[in-house]
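# Results of the structural survey
The lines below spell out each chain.
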Amino acid sequence: MMFSLKVILVLAWHLLPEVKTSMVKLNNNGYEGIVIAINPSVPEDEKLTQNIKEMLTEASTYLFYATKQRVYFKNVSILIPMTWKSKSEYLMPKQESYDQADVIVADPHPKYGNDPYTLQYGQCGEKGQYIHFTPSFLLTNNSSIYGPRGRVFVHEWAHLRWGVFDEYNVDRPFYFSRKNTIEATRCSTPITGMNVVFNECKGGSCITRPCRRDSQTGLYEAKCTFIPDKSQTARDSIMFMQNLDSVVEFCTAKTHNTEAPNLQNKMCNHRSTWDVISESPDFQNATPMAGTNLSLRPTFALLRSRQRVVCLVLDKSGSMAAEDGLGLSRLIRMNQAAEIYLIQIIEKGSMVGMVTFDSYATIQTNLIKIIDDSAYLNITAKLPGDANGGTSICNGLKKGFQAITNSNQSTSGSEIVLLTDGEDSGISSCFEEVKQSGAIIHTIALGPSAAKELETLSNMTGGHRFFAYKDINGLIDAFSRISSRSGSIAQQPLQLESKALNVIRNEWVNGTVPVDSTVGNDTFFVVTWTIKKPEIILRDPRGKIYETFDFKEDKLNIQSARLLIPGIAETGSWTYSLHNKYVNSQLLTVTVTTRARSPTTLPVIATAHMSQNTAHYPSPMIVYARVSQGFLPVLGVNVTAIIENEGGNQVTLELWDNGVGADTVKNDGIYSRYFTDYNGNGRYSLKVHAQARKNIARLSLKHRNKALYTPGYVENGKIILNPPRPEVAEDVAEAKVGDFSRLTSGGSFTVSGAPPNGNQTPVFPPGTIADLEAKFKGDLIQLSWTASGNVLDKGKANSYIIRISKCFLDLQKDFHNATLVNTSNLIPKEAGSTEHFEFKPESFKIENGTQIYVAIQTVTEANVTSEVSNIAQATKFILPQQSSAPALCTSTSALSLTVFGFAVILSLF
């Protein structure tokens, strides 16, 4: 008997907490804690903050009525960068930061436009990452293009908060309806307008003509554009064109256009935006508000960022003396990583202190401003040399707070980096003090016995959480991830390499590290060893050689040596060779860090995280990695995730950006994959390596989930155009990115309920196919799709079930009773492969205009089936011999134009 596990997947995705630490809470129908952060590179402009306030004030009322009087914006914090002058009305931030903000205000890529958009790559109903507005959008009147800014904010808020998607599709702007008419991709269908092709625009006017049909598809030609009527009666939908005056609602089940080939239908199984929104936890207890004197105006607080304050709180208890099985104690590994953090990672100008603890805690240094080498040395000299005593994490945290206040700094907004390997049953006793401090606590759990409550400290304060054990470089990777939260890209450290090599006696090992053209400043090569310093040879791309004596050995006896490359490191491949001269094998590691080439250079950056912080078996998780240059996605990158559990078992996953399985959208620079290989309970760590080789990586200028750029309106039968959208040169649109390497930690997550030793029965179904395409070729229907796999997006399935119908609803509502296609000769390929199949629909009479709908399921050997795929449409189209004949005879409300054969003159403004 075939069965599906949709319920397991749905519960898993909706019951587990989100990873991104947003401070937004819904309290008595009002959203509190919204953070809007301005990037440090944005010039100071009071008009910017004023317009933000006006936008949110307008958005609050619009949101209230769009949600049927359920929610509004209650209070908002605007985070001002340090680059702006200090003012008396600016308050000090607590845990608000640029990298955790709900909305960021930053310049786009210099060649890209000002479309507001939301970085959103989760599943239907999952929260997005952030909304991005440019200063130009906020300072320029764009209401004719996007509508009032308050309406635009609500459009983006629906992406961010409720996980709904756009109801237009710039790649497929038209489609065949069930009535065999050509429709614009939209919701709702009562929105009316005209379809035209713009020919030549000169001297304030444009010549247009009606759209012709494409001889291959039967749809309108590629240049055809839909121009909406300015005056509408349709009240929905905000996720299509919020700029229309009449549009004040989201599409409901009654008004939703289930046919439109847009992302909302694809991602949410043809459900309306309001159906998805109303199932959000926000609406479970938000009953409609009554009354006419409601105050919907939000309050605002202006917060100004300050210099970074960090205190290391490091465990030196007796258990830290234990060896890691590879020849070094945990204490030495901690000191190696902490030294790298202090010398190579922490930004200049930061204030840093250090506390060590066992049963008691000691302030080793109060805050020291990092301005030169002597400042680093003052702190690194105090790293602990021995380990003994018990473990009192609360004592360590309290001393950390004291080290901060001793230096006349507030704990509010300061950061604590807490590292421990010990158990401590008393952590909860200081939870309240931690909350009151306003500090951000990053936790690093070292080894399998670290206190289980550590993650609670990170979760309650918005800090990062890490786990390291058998991965010898895990601590270095964790420390390297704890960088500035200010949004200043130029200061952000980047890891190019983090590799451990087990080298036998008298053996040489070699490796290469690409230094790309976006980085090279403050570049360090670090080598560590377990027993004896190896011979080191490093060669730059021009052949210059650095040898062992060039690498500076630390004075702390922590078995590491580093080389700072003078000036800007040469672009190209750097080659290193390590020679183990010791009589036995030993473990050597190589770590390379760098920063942006210059303050004006946008470096390629990789970030990673899991879809949840916790998982209960059986529930799949998703690994996400984002590779970008500035705000632009980088495509064509080889991205690999390494996931390790407490027993040291590692799983390696190749992440994909192909728009199927766990990946929402193809070619958006978000690389993802399902993770199902649970091997016992406890903590797991995530590390991601992104590599671009052979000059195949490129930038993409496409942004999904954004407000639609409206080209113009029809008023009284006349088309009034908006200014044309800025065009991007082809060389910029497909700009190449040089070879690069990035390594980043994705933090840790915890698993419960998993069987030991990976002894799991197959419980996960095949992944759902989401990119099925269908078209007629003669009397045959040709299909193409991406193979999903045997277990979600892994392996090879056993067979496919393909069914067809002339009725869309037959497949959507009653797939199992639709007409079955013979697939006996169709053998599934490996997950991620492209599949092709063609067949003749014998059961149906095929003539000009015939529409056939197709859907597919994947089946495993155990007869577990996937969910039904997206529904593809194939339309039989034969172009009339008289191509100028009226082939588009439908009403204006159906968004089609009869071809009259004359040109239209349009006015521009």
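Residues numbered from 1 in each chain as written. Predicted model: local features only at pLDDT ≥ 70, side-chain atom pairs only at ≥ 80, totals over all residues. Heavy atoms only, no water.

Turning our eyes to something else, we now look at the nonpolar core. Trp157, Trp162 and Phe250 are the most contacted members of the largest nonpolar core, which has 73 residues in total. Examining the composition of this core, we find that eight residues originate from one element, helix 2 (residues 46-66), more than from any other. Those residues within four positions of Trp162 in sequence are excluded, and the remaining contacts are Tyr31, Leu63, Thr67, Val71, Gly125, Trp157, Phe250, Val276, Ile277, Ser280, Asp282 and Phe283. Of all hydrophobic cores here, the second largest spans 57 residues; its members include Tyr98, Phe675, Val688 and Phe764. (Core = buried A, V, L, I, M, F, W, Y, C linked by side-chain atoms within 4.5 Å. Buried < 20%, exposed > 50% of the residue type's maximum accessible area, 1.4 Å probe, protein only. Helix = DSSP H or I, 4+ residues; strand = E, 2+ residues; numbered from the N terminus. Contact = heavy atoms within 4.5 Å.)

Let's shift gears to the state of the cysteines. Inspection of every chain in the model, using the stated rule, returns four disulfides. Across the disulfide, Cys124 is cross-linked to Cys268 (sulfur-sulfur distance 2.1 Å). Across the S-S bond linking Cys124 and Cys268, the dihedral sits near 105°, which makes this disulfide right-handed. Of the two residues, Cys124 is situated in the loop between strand 7 (117-119) and strand 8 (130-133) and Cys268 in the loop between helix 7 (263-267) and helix 8 (273-278); the sequence distance between them amounts to 144 residues. Among the residues examined, Cys124 registers a relative accessible area of 13% and is labelled buried. Taking the relative accessible area as the measure of exposure, Cys268 reaches 2% and is therefore buried. Between the sulfur atoms of Cys394 and its disulfide partner Cys430 the distance amounts to 2.1 Å. Torsion about the S-S bond of the Cys394 and Cys430 cystine: about -80°, corresponding to left-handed handedness. Of this pair, Cys394 sits in helix 11 (residues 393-405) while Cys430 is found in the loop between strand 18 (415-420) and helix 12 (431-437), placing the two residues 36 residues apart along the sequence. On the basis of relative accessible area, Cys394 is assigned to the buried category, the value being 5%. Since its relative accessible area comes to 2%, Cys430 is described here as buried. Summary of cysteine pairing: Cys311 is not part of a disulfide, and the nearest cysteine sulfur, belonging to Cys430, is at 14 Å. (Disulfide = S-S within 2.5 Å.)

Let's shift gears to the sheet that holds strand 45 (residues 819-820). What links the strands of a sheet is backbone hydrogen bonding, and the strands pair in either a parallel or an antiparallel sense. Within the open sheet, the four strands sit side by side as 45-44-47-48. Their pairing is antiparallel. Looking at the sheet topology across the chains shown, the edges are occupied by strand 45 and strand 48 (872-875). Here strand 44 (residues 799-805) pairs with strand 45 via two bridges, running antiparallel. When the bridges of strand 45 are listed, Arg803 appears paired with Leu820. (Pairing = 2+ DSSP bridges.)

Next up on the list: the pattern of salt bridges. Tallied over the entire structure, the rule returns 26 salt bridges. The shortest N-O distance in the salt bridge between Lys706 and Asp115 comes to 3.4 Å. Of this pair, Lys706 sits in the loop between strand 38 (698-699) and strand 39 (712-715) while Asp115 sits in the loop between strand 6 (103-105) and strand 7; the two residues are 591 residues apart in sequence, bridging distant segments of the chain. For the pair Lys706 and Asp115, one class covers both residues: buried. Of the charged contacts in the structure, one is a salt bridge between Lys499 and Glu497, with a shortest N-O distance of 4.0 Å. The exposure class of Glu497 is buried, given its relative accessible area of 5%. Through salt bridges with shared partners, a single ionic network connects Arg308, Glu347 and Glu415. (Salt bridge = Lys/Arg side-chain N within 4 Å of Asp/Glu carboxyl O.)

Another aspect to go through is the packing of aromatic side chains. Applying the stated rule across the entire model yields 27 aromatic pairs. Here the aromatic rings of Tyr31 and Trp157 are separated by 5.2 Å at their centres, their planes lie at 65°, and the arrangement is edge-to-face. Pair noted here: Tyr31 is in strand 2 (residues 30-32) and Trp157 is in helix 5 (residues 149-162), with a separation of 126 residues, a long-range link. Judged by relative accessible area, Trp157 falls into the buried class, the value being 1%. (Phe/Tyr/Trp six-rings, centres within 6.5 Å; stacked < 30°, edge-to-face > 60°.)

Looking at the protein chain as a whole, the pLDDT averages 88, with 91% of positions reaching at least 70. Contacts from residues 1-18, a stretch scored under 50 in pLDDT, to residues over four places away or in other chains number 40 contacts. This model gives residues 882-909 a pLDDT under 50, and the stretch forms 77 contacts once residues within four places in sequence are excluded. (pLDDT = per-residue confidence, 0-100.)

What follows covers the sheet that holds strand 8. Strand order in the open sheet made by the six strands is 7-8-6-3-5-14, with mixed pairing throughout. Because the sheet does not close on itself, it has two edges, and the strands there are strand 7 and strand 14 (299-304). Strand after strand, the sheet turns through a mean of 25° between neighbouring axes, direction not considered. (Axes fitted to C-alpha atoms, helices over the stretch in contact; angles between N-to-C directions.)

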